[in-house]
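Chain and residue survey
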Amino acid sequence: MKSDTPEELNPDQEISRLIDEVISSSQTDEKYRQKMQRRKEVQDQRIAKAIPEKGLIIVNTGHGKGKTTAALGMVLRSLGHGYKVAIVQFIKGAWEPAEKRAFSHWENQLEFHAMGEGFTWETQDRDRDLDKAAAAWEKSLEFINNPDFKLVLLDEINIALKLGYLQVEEILAGLAQKPADKHVILTGRGAPPALIEKADLVTEMTLVKHPFKDQGVKAQAGIEY
């Protein structure tokens, strides 16, 4: 069987091969320089061919922590660029999280709507949860369709989908309405396959250890809220 040559490898494969060669064998300074130079050439070629800009559908899901935190990092970057951002919280609204206070410094750029009433075991009222989720989605559509907002974060919407408060077909139809340059982030565990298929960027957080599950440590200020 013929082995792969650099010409036969796609850019990701070639970069991976170059890294593996550097890690697995001792390299002279000149050999190292040649491999890094080739890696730079491959990367520069990829960037030169890349699409300059596209509004992304971004999904942060999985059982691990950090889904909302990662999304808020993107929010912070967008605010730093001077863009207008909207956040709609579908579940955590009753917590009045510290993020809302922290982002108050950007009140001219940021719309923050905490529309949930806490986790479902707290409300114990499915009809009310359904109404709240529907209202949050209607508010979300306002921002999705508003060209003034560059980024919209739909926090914990995947939980609302998983619990049947919203239907994925309805969400996909709404996302199809967004302006071409708008980014929308959807967070929460249990993202449905149809949403994952539609998304441009999907990250799954994997739970390895958790202080509450493993040690009985309660949610703490600055970590969970």
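Treat the numbers as computed from the prediction; the structure is a model and nothing was measured.

This next bit is on the packing of aromatic side chains. Going through the model one piece at a time under the given rule, you end up with two aromatic pairs. A ring pair is formed by Phe103 and Trp106, whose centres lie 6.1 Å apart and whose planes are at 55°; its orientation type is tilted. Judged by its relative accessible area of 8%, Phe103 is buried. Each ring, one from Phe143 and one from Phe149, has its centre 5.0 Å from the other, and the planes form 70°; the classification is edge-to-face. Across this residue pair, the class does not change: Phe143 and Phe149 are buried. Here Lys150 stacks its cationic end above the ring of Tyr83, 5.4 Å away from the centre of that ring.

As a further point, take the side chain of Glu156. With respect to the element layout, Glu156 can be found in the loop between strand 4 (149–155) and helix 7 (157–162). Residue classification places Glu156 among the buried residues on the basis of a relative accessible area of 10%. Here Glu156 is in contact with Thr68, Phe90, Ile91, Lys92, Thr187 and Gly188, once residues within four sequence places are set aside.

So, about the sheet that holds strand 1 (residues 57–61). Within the open sheet, the six strands sit side by side as 3-2-4-5-1-6. Their pairing is parallel. A single partner strand is all that each edge strand has here, and the edge strands are strand 3 (110–114) and strand 6 (201–204). Taken pair by pair, the neighbouring strands of this sheet meet at an average axis angle of 10°, ignoring direction. In the sheet, strand 2 (residues 84–89) pairs with strand 4 via six bridges, with the strands oriented parallel. For Gln89, the partnering residue across the bridge sits in strand 4 and is Asp155. In this fold helix 3 (residues 67–80) packs onto strand 1, strand 2, strand 3, strand 4, strand 5 (183–187) and strand 6, with an angle of close to 165° to the strand it touches most, strand 4.

What follows covers the pattern of salt bridges. In this structure the tally under the stated criterion is seven salt bridges. The salt bridge partner of Asp44 is Lys40, with a shortest N-O separation of 2.7 Å. Of the two residues, Asp44 and Lys40 both sit in helix 2 (residues 29–49), four residues apart, roughly one turn of that helix. A salt bridge links Lys54 to Asp200, with the nearest nitrogen and oxygen atoms 2.7 Å apart. Residue Lys54 is located in the loop between helix 2 and strand 1, and its partner Asp200 is located in the loop between helix 9 (193–198) and strand 6; the two are separated by 146 residues in the primary sequence. On the basis of relative accessible area, Lys54 is assigned to the partly exposed category, the value being 45%. A residue is classified by how much of its surface remains accessible, and Asp200, at 36% relative accessible area, is partly exposed.

Here is what the cut-offs are and how they apply
Residues numbered from 1 in each chain as written. Predicted model: local features only at pLDDT ≥ 70, side-chain atom pairs only at ≥ 80, totals over all residues. Heavy atoms only, no water. Phe/Tyr/Trp six-rings, centres within 6.5 Å; stacked < 30°, edge-to-face > 60°. Buried < 20%, exposed > 50% of the residue type's maximum accessible area, 1.4 Å probe, protein only. Lys NZ or Arg CZ within 6 Å of the ring centre and 35° of its normal. Helix = DSSP H or I, 4+ residues; strand = E, 2+ residues; numbered from the N terminus. Contact = heavy atoms within 4.5 Å. Pairing = 2+ DSSP bridges. Axes fitted to C-alpha atoms, helices over the stretch in contact; angles between N-to-C directions. Salt bridge = Lys/Arg side-chain N within 4 Å of Asp/Glu carboxyl O.

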